[in-house]
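Below, each chain spelled out in residue letters.
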Amino acid sequence: MTSFTSFLAQTECNYYTEAMSDSLILYIHVDQLNLLYRQSHQWERFGRLVAETAYHTVMRNTEGFLFKKAEDRYLEMLEQHPDIFSSIPLYHIASYLGIQGPSLSRIRKRLVHK
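Residues numbered from 1 in each chain as written. Predicted model: local features only at pLDDT ≥ 70, side-chain atom pairs only at ≥ 80, totals over all residues. Heavy atoms only, no water.

Concerning the packing of helix H2 (residues 30-39) against helix H3 (residues 41-67)
(1) Moving on: Running from amino to carboxyl end, H2 crosses H3 at an angle of 125°, the nearest separation of the two axes being 5 Å. Taken as axis vectors, H2 and H3 run oblique relative to one another. Crossing of H2 against H3: the hand is left-handed. The segment H2 lies against H3, with Leu36, Tyr37 and Gln39 engaging His41, Trp43, Glu44 and Gly47. (Axes fitted to C-alpha atoms, helices over the stretch in contact; angles between N-to-C directions. Helix = DSSP H or I, 4+ residues; strand = E, 2+ residues; numbered from the N terminus. Parallel < 35°, antiparallel > 145°, perpendicular 65-115°, else oblique. Left-handed = near helix turned anticlockwise from the far one by under 90°. Contact = heavy atoms within 4.5 Å.)

Topic: the pattern of salt bridges
(1) Moving on: Counted according to the given criterion, the structure contains three salt bridges.
(2) Moving on: Arg48 is paired through a salt bridge with Glu52; the nearest N and O atoms lie 2.9 Å apart. Here Arg48 and its partner Glu52 are both found in helix H3, four residues apart, which amounts to about one turn of the helix.
(3) Moving on: Note on Arg48: relative accessible area 41%, which makes it partly exposed.
(4) Moving on: The class of Glu52 is partly exposed, set by a relative accessible area of 41%.
(5) Moving on: With a shortest N-O distance of 2.4 Å, Glu76 and Lys68 are connected by a salt bridge.
(6) Moving on: Classification of Glu76 as partly exposed rests on a relative accessible area of 29%.
(7) Moving on: Lys68 gets classed as partly exposed once you look at its relative accessible area, which sits at 31%. (Salt bridge = Lys/Arg side-chain N within 4 Å of Asp/Glu carboxyl O. Buried < 20%, exposed > 50% of the residue type's maximum accessible area, 1.4 Å probe, protein only.)

Looking at the nonpolar core
(1) Moving on: By size, the foremost hydrophobic cluster in this structure holds 11 residues: Ala70, Tyr74, Met77, Ile84, Ile88, Ile93, Ala94, Leu97, Ile99, Leu104 and Ile107.
(2) Moving on: Setting aside anything within four residues of it in sequence, one finds Leu97 in contact with Phe65, Arg73, Tyr74, Met77 and Leu104. (Core = buried A, V, L, I, M, F, W, Y, C linked by side-chain atoms within 4.5 Å.)

Considerations on the packing of aromatic side chains
(1) Moving on: All told, the structure shown has two aromatic pairs when counted by the stated rule.
(2) Moving on: An angle of 80° between the planes, with centres 5.3 Å apart, marks the rings of Trp43 and Phe46 as edge-to-face. Taken together, the residues span about one helical turn, with Trp43 and Phe46 both in helix H3 at a distance of three residues.
(3) Moving on: Residue Phe46 is classed as partly exposed on the basis of its relative accessible area, which comes to 45%.
(4) Moving on: Geometrically, the ring pair formed by Tyr74 and Phe85 is tilted, given 5.7 Å between the ring centres and 50° between the ring planes. Placement of the pair is Tyr74 in helix H4 (residues 70-80) and Phe85 in the loop between H4 and helix H5 (90-97), with a sequence separation of 11 residues.
(5) Moving on: Residue Tyr74 is classed as buried on the basis of its relative accessible area, which comes to 5%.
(6) Moving on: The partly exposed category is assigned to Phe85, whose relative accessible area is 23%. (Phe/Tyr/Trp six-rings, centres within 6.5 Å; stacked < 30°, edge-to-face > 60°.)

Digging into the packing of H5 against helix H6 (residues 101-112)
(1) Moving on: Direction vectors running N to C along H5 and H6 enclose 95°, while the axes themselves pass 9 Å from each other. Here H5 lies roughly perpendicular to H6, going by the angle between them. Across the interface between the two elements, Leu90, Ile93, Ala94 and Leu97 of H5 pack against Gly101, Leu104 and Arg108 of H6.
(2) Moving on: Considered class by class, the residues forming the contact of H5 with H6 number five nonpolar, one polar and one charged. (Nonpolar A, V, L, I, M, F, W, Y, C, P; charged D, E, K, R; others polar.)

Printed below as a string of structure tokens:
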């Protein structure tokens, strides 16, 4: 988990990331990564695939905020992460969805009654 922009530009990130569950963290310094890229086409390919995946995720999330209703973003999250409500506080989920806590409560209540 990283700010890909900060990593590539080697600049300070404007935010921090906090794990909400137990995590395994792997660390590699940008100089070590660039050395691997120079030495191996497989590592270059790996780096390209990581960058493409990151770009795809950012674009999917951005387009979701632009073109989807909050309820649709909620349903998509629920489909992708069905157990999320057992481990993540609702205020974090609301923030991730770009809505306030009361809006999340209304969405959840409305869906229960459907």
